[in-house]
Amino acid sequence: MEHHTPPHQWNEETIDLSEIYFLFRQRIKWITAALVAGAIIAALVTCFFITPLYQATASLYVVSASNDSVVDLSDLQIGASLTADYEILLLSRPMMESVIQNLALEDTTAQTLRRQITISNPADTRILQITVEDKDPELAAQIANEMAELGITWLPAVMDSSAPNIAEDAVIPNKPSSPSLFKNTLIGALAALLLYSAIVLIRYLMNDTIRSSDELERYFGLVPLAVVPECGQEATSHTGRSGIPGLNSGKAHRKKGA
């Protein structure tokens, strides 16, 4: 009597998570090797091929005081408004060009310099932080301090307002802000792990070889009379559900529907 697999079984694919677990467990040494190799490659690239960048920060305190030098509520509100205006004007083209001219940055354009600078205003404060990032730590500090100096002279003249105060000068950083060796090493290790795991899983899913009598019976509805063991595998006899020796010999490596 012929056995036919119902049509819906041909269109379904099932993945046995336990088999995937054992699939990766059998390759634990290769997984470990991929992790180590990815970490080493990422660390070497970070140390020898990525230019370190340094950050220096100067701070301005924005205040608007009346003539009697007494700061009242209206002065605080005006100071808060000035902070937002200063934040925009500090990155304006005239400011960038003044910094380039004063520091003789001949090979730098206003657009390039603007990308190196970040202006931040901590919440509920009237403090502006001028952060400059550059591959030269000394130059990063010089640019930040030059912008702070221009901020207390050029900005009040443009806005016809009180001059801000320099709250903190930028100092030359002694450690790079980027790249992070630890972060890049971790990312490299995880990337290598994911790549290797994806390759193993894809090869597993693409392999439609029938490797066991159980798969043959499940996919085609046929009960084999015997199973030929793999080369090098010791020929042992097992009694399956049908009572025929060799029915369940061998291991199943796939759990995918045809």
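Keep in mind the model is a prediction, meaning the values are calculated, not measured.

The rules behind each value
- Residues numbered from 1 in each chain as written.
- Predicted model: local features only at pLDDT ≥ 70, side-chain atom pairs only at ≥ 80, totals over all residues.
- Heavy atoms only, no water.
- Helix = DSSP H or I, 4+ residues; strand = E, 2+ residues; numbered from the N terminus.
- Buried < 20%, exposed > 50% of the residue type's maximum accessible area, 1.4 Å probe, protein only.
- Phe/Tyr/Trp six-rings, centres within 6.5 Å; stacked < 30°, edge-to-face > 60°.
- Contact = heavy atoms within 4.5 Å.
- Polar contact = N/O pair within 3.5 Å; in protein donor to acceptor, adjacent residues only side chain to side chain.
- pLDDT = per-residue confidence, 0-100.
- Axes fitted to C-alpha atoms, helices over the stretch in contact; angles between N-to-C directions.
- Parallel < 35°, antiparallel > 145°, perpendicular 65-115°, else oblique.
- Left-handed = near helix turned anticlockwise from the far one by under 90°.
- Arc of directions from axis to C-beta.

This part takes up unusual backbone geometry. As a rule of thumb, non-glycine residues mostly have phi less than zero, and peptide bonds are mostly trans rather than cis. Put simply, serine 178 and proline 179 share a cis peptide bond, and its omega is 0°. By secondary structure assignment, the location of proline 179 is in the loop between β4 (165–168) and α9 (181–206). Phi is positive for alanine 104, close to 55°, though the residue is something other than glycine. By the element assignment, alanine 104 lies in the loop between α5 (93–102) and α6 (110–115). By relative accessible area, which is 55% here, alanine 104 ends up exposed.

Moving on to the packing of aromatic side chains. Across all of its chains, the model carries one aromatic pair by this definition. Geometrically, the ring pair formed by tyrosine 21 and phenylalanine 22 is edge-to-face, given 5.3 Å between the ring centres and 70° between the ring planes.

Mapped onto the fold, serine 92 is located in the loop between α4 (73–89) and α5. Along the backbone, serine 92 and alanine 110 are 18 residues apart, and their C-alpha atoms lie at a distance of 8.8 Å. In contact with serine 92, other than residues within four places in its own chain, are Arg114 and Trp154. Within the structure, the side chain of serine 92 is placed 2.7 Å from the backbone oxygen of leucine 89, a separation counted as a polar contact.

Averaged over the chain, the pLDDT score is 80; the fraction of residues at 70 or greater is 72%. Here residues 1–12 scores under 50 on pLDDT; set against residues more than four positions off or in separate chains, the count is 14 contacts. Considering only residues more than four positions removed or in separate chains, one finds that residues 66–76, a stretch of pLDDT under 50, has nine contacts.

So, about the packing of helix α3 (residues 28–48) against α9. Here α3 crosses α9 at 140°, and the two axes come no closer than 7 Å. Here α3 lies oblique to α9, going by the angle between them. Our pair here, α3 against α9, has a crossing hand that is right-handed. Seen from α3, the contacting residues are Trp30, Ile31, Ala34, Leu35, Gly38, Ala39, Ala42, Ala43, Thr46 and Cys47; seen from α9, they are Leu181, Asn184, Thr185, Gly188, Ala189, Ala192, Leu193 and Tyr196.

All of the buried residues in helix α2 (residues 17–25) are Glu19, Ile20, Leu23 and Phe24. All buried residues of α2 project into a common sector of 135° when viewed along the axis, lining one side. Elements in contact with the buried residues of α2: α3 and α9.

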